[in-house]
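As a plain string of letters, each chain reads:
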Amino acid sequence: MAVTAAMVKELREMTGAGMMDCKKALTATDGDMDKAVEFLREKGLAGAAKKAGRIAAEGIVDTAVTADGKKAVVVEVNAETDFVAKNAVFQAYVADVAAQALNTGAADMDAFMEEKWAKDENLTVKEALSAQISIIGENMNIRRFEKIEEANGFVASYIHAGGKIGVLVDVETTVVNDAIQEMAKNVAMQAAALKPLYTSRDEISAEYIEHEKSILMAQIQNDPKEASKPEKVIQGMIAGRINKELKEICLLDQVYVKAEDGKQTVSQYVAEVAKANGADIKVKKFVRFETGEGLEKKVDDFAAEVAAQMGN
């Protein structure tokens with residue numbers, strides 16, 4: 001039986017499930033509406049859809065690393081409440097998502113959601129997520145993942161505050177031992193704590209620098225005392241302020257948080273460890289995920305809710 005748009009619309013209104021899921025259900029059941037509803041319920045999609053409008057901005061970040069340390073992934077999975085984020089069932093599910101992402105060939109989230117779920121190949125990743133939503137009782141979302149592979153070294157991972165922040169650090173090195181792995185973890189902890197935007201100055205475009213210079217020049221011109229200074233002095237002031245900013249936003253330029261003298265940079269710390277272990281070491285990149293960053297969080301206003309229900 002041909003599945004029509006009207007049938008998909010009807011099933012969607014009955015169950016609240018997504019359009020493509022409704023079409024798939026009707027196709028699988030030869031257009032039988034009752035069987036299609038059961039199909040969606042069995043997949044956990046009908047129950048999940050009722051929760052799909054809720055804001056999922058809590059959750060956790062997790063990482064997975066291959067046994068040889070050559071490949072790692074960081075994922076973020078969101079839920080509605082911090083209570084669920086601390087739930088063992090939810091945490092186990094996120095670990096499964098990380099394991100799936102570690103081995104995925106998908107290049108983006110859409111492709112990832114449509115691939116077979118490794119723990120039950122009768123389901124897609126999307127369908128397995130919907131089943132978990134029905135079990136846990138909150139809207140959930142696999143928000144993002146990012147992988148790093150390093151053939152000439154290893155990838156270090158670090159999870160902070162029970163999954164609030166996750167970091168991967170790509171380390172190219174001629175030697176891999178406990179001291180160098182500890183160094184990599186310390187660098188990952190640095191990235192977690194101080195939230196750099198770049199690994200090194202090499203990643204910063206000339207356009208970004210020029211933009212920052214124009215902002216600083218405008219600030220100087222708006223201050224009569226500073227604007228009256230010689231051009232050479234003004235350019236020196238701008239260069240100094242740019243340099244200070246780059247030391248804050250570039251991981252390798254930041255002051256190493258564990259530095260005993262309070263002056264050693266991360267790059268100097270890495271060089272120190274490299275020399276002590278007879279190694280050539282390069283921190284090539286890092287990835288930092290923080291749970292819920294950039295997401296709107298729901299703020300409950302009980303008085304407003306009561307007023308709305310009373311028609312006020």
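None of these values were measured; they are calculated from a predicted model.

(A) Structural context of the nonpolar core. The biggest cluster of nonpolar side chains holds 28 residues, and the ones touching the most others in it are Phe90, Tyr93, Phe112, Met140 and Ile142. A per-element tally of this core places helix α6 (residues 88–103) first, with 7 residues. Beyond its immediate sequence surroundings of up to four residues, Ile142 is in contact with Glu76, Val77, Tyr93, Val97, Met109, Phe112, Met113, Val125 and Leu129. If you look at the next biggest cluster of nonpolar residues, it comprises 27 residues, including Ala192, Leu251, Ile281 and Val283.

(B) Geometry of the environment of Cys22. Along the polypeptide, Cys22 turns up in helix α2 (residues 19–28). Classification of Cys22 as buried rests on a relative accessible area of 0%. Remark: the alpha-carbon pair of Cys22 and Lys263, spanning 241 residues in sequence, is separated by 61 Å. The contact partners of Cys22, leaving out residues within four places of it in the chain, are Val8, Leu11, Arg12, Thr15, Ala17 and Leu40.

(C) Fine view of the side chain of Thr29. Structurally, Thr29 can be placed in the loop between α2 and α3 (33–42). The contacts of Thr29, once residues within four sequence positions are left out, are Lys35, Ala36 and Phe39.

Reading the values: the criteria
- Residues numbered from 1 in each chain as written.
- Predicted model: local features only at pLDDT ≥ 70, side-chain atom pairs only at ≥ 80, totals over all residues.
- Heavy atoms only, no water.
- Core = buried A, V, L, I, M, F, W, Y, C linked by side-chain atoms within 4.5 Å.
- Buried < 20%, exposed > 50% of the residue type's maximum accessible area, 1.4 Å probe, protein only.
- Helix = DSSP H or I, 4+ residues; strand = E, 2+ residues; numbered from the N terminus.
- Contact = heavy atoms within 4.5 Å.

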